[in-house]
Amino acid sequence: MRTAKITRDTAETKISVDINLDGTGVYDNQTGVGFFDHMLDQLSRHALIDMTVRADGDLHIDDHHTVEDVGIALGKALSQAIGDKKGIRRYGSSLLAMDDALVRAALDLSGRPYLVWKLALPTDKIGTFDTELVREFFTAFAMQGGITLHVEALDGFNSHHIVEAAFKAVAQALRHAVETDPRKADAIPSTKGTLSE
């Protein structure tokens, strides 16, 4: 089973993340940030990764530390669960439509973290959620997960739809990338023979 459990305990947050890459998209995410929970649910459901997230953060200050630290823990959990990456497809991409929004995501589980972010959001907030935190989450997730990640909004005027489309697009790309390639289930998908760095 490709599973991992990560805990992160700092003066700002206490986070636990439990994932199963070979799941069915069952989720139970409770961070204290309602919109963020909704996005984590989308990530789990559309990547078919079972995910349980618990976060107790300094929300009396703002949501920043909680969102960023969940990204850090989730990235670490993904990296641990994938292991040496033998047999995975490695690459994934998705062009995802949600009402007015159209978002493209492409990723490589390369071990070399990099984020290209072209997601302009028309509002500063979605409800009480600061939209700038979406990039913070994906930065932390990509850096700790060793993911080369490109996310680009091609269309959209509703911030909620654009952000949700981004989470779903990354989820779809991730679902493909972590799947076992039946033609090369015993090999690491690199001419270098390793994807650890």
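No experiment lies behind these values; they were computed from the predicted model shown. (Residues numbered from 1 in each chain as written. Predicted model: local features only at pLDDT ≥ 70, side-chain atom pairs only at ≥ 80, totals over all residues. Heavy atoms only, no water.)

A. The sheet that holds strand 5 (residues 91–98), seen in detail. The strand order across the open sheet built from four strands is 5-6-10-7, with neighbouring strands paired in mixed fashion. At either end of the open sheet lies a strand with only one pairing partner, and these are strand 5 and strand 7 (114–118). Looking at each pair of strands side by side, their axes are set apart by 10° on average, direction ignored. Both strand 6 (residues 101–108) and strand 10 (residues 148–155) contribute to a ladder of seven bridges, which runs antiparallel. Following the sheet pairing, Val-103 is matched in strand 10 by Ala-153. Against the sheet, helix 3 (residues 132–145) contacts strand 7 and strand 10, and its axis sits at roughly 160° relative to strand 7. Its contacts with the sheet place helix 4 (residues 159–178) against strand 5, strand 6 and strand 10, and it is angled at close to 150° to strand 5. (Pairing = 2+ DSSP bridges. Helix = DSSP H or I, 4+ residues; strand = E, 2+ residues; numbered from the N terminus. Axes fitted to C-alpha atoms, helices over the stretch in contact; angles between N-to-C directions. Contact = heavy atoms within 4.5 Å.)

B. Expanded view of the side chain of Asn-29. Inspection of the secondary structure assignment puts Asn-29 in strand 3 (residues 27–30). Taking the relative accessible area as the measure of exposure, Asn-29 reaches 7% and is therefore buried. Among the polar contacts made by the side chain of Asn-29, one reaches the side chain of Asp-41 at a distance of 2.9 Å. Of note is the side chain of Asn-29, whose polar atom sits 3.2 Å from the backbone nitrogen of Val-53. (Buried < 20%, exposed > 50% of the residue type's maximum accessible area, 1.4 Å probe, protein only. Polar contact = N/O pair within 3.5 Å; in protein donor to acceptor, adjacent residues only side chain to side chain.)

C. Spatial organisation of the packing of helix 1 (residues 34–47) against helix 2 (residues 64–82). The N-to-C vectors of helix 1 and helix 2 enclose an angle of 20°; their axes lie 12 Å apart at closest approach. Classified by the interaxial angle, the pair formed by helix 1 and helix 2 is roughly parallel. Helix-helix and strand crossings are classified by hand; for helix 1 and helix 2 the assignment is right-handed. Residues Phe-36, Leu-40 and Leu-43 of helix 1 form the contact with helix 2, whose own contacting residues are Val-67, Val-70 and Leu-74. In terms of residue class, the contact of helix 1 with helix 2 is built from six nonpolar, no polar and no charged. (Parallel < 35°, antiparallel > 145°, perpendicular 65-115°, else oblique. Left-handed = near helix turned anticlockwise from the far one by under 90°. Nonpolar A, V, L, I, M, F, W, Y, C, P; charged D, E, K, R; others polar.)

D. Seen up close, the sheet that holds strand 4 (residues 50–57). Ordered by their spatial adjacency, four strands build an open sheet running 1-2-4-3, and the pairing between neighbours is mixed. Unpaired on one side and paired on the other, strand 1 (3–9) and strand 3 mark the two borders of the sheet. Across the sheet, the mean angle separating the axes of adjacent strands is 5° when strand polarity is ignored. By the bridge criterion, eight bridges tie strand 2 (residues 13–20) to strand 4 in an arrangement that is antiparallel. Within strand 4, the residue paired with Val-17 across the bridge is Val-53. Taken strand by strand, helix 1 contacts strand 3 and strand 4, and its axis lies near 155° from that of strand 3. Helix 2 contacts strand 1, strand 2 and strand 4 of the sheet and is inclined by roughly 35° relative to strand 2.

E. Fine view of the side chain of Thr-148. Considering the arrangement of structural elements, one finds Thr-148 in strand 10. Of the polar contacts made by the side chain of Thr-148, one reaches the side chain of Ser-110; its length is 3.1 Å. Contact partners of Thr-148, with chain neighbours within four places excluded, come to Ala-106, Leu-107, Asp-108, Ser-110, Arg-112 and Tyr-114.

F. Up close: the environment of Ile-126. Of note, Ile-126 is situated in strand 8 (residues 125–126). Since its relative accessible area comes to 11%, Ile-126 is described here as buried. Residues Ile-126 and His-160 lie 34 residues apart in sequence; the distance between their C-alpha atoms is 6.3 Å. Beyond its immediate chain neighbours, meaning those up to four positions away, Ile-126 contacts Phe-35, Thr-131, Ser-159, His-160 and Val-163.

G. Examining the pairing of strand 6 more closely. In the sheet, strand 5 pairs with strand 6 via eight bridges, with the strands oriented antiparallel. Of the residues in strand 6, the one forming a bridge with Leu-95 is Arg-104. Taking the residues between adjacent antiparallel strands as the criterion, strand 5 and strand 6 are bridged by two residues, where Asp-99 takes a positive phi near 55°.

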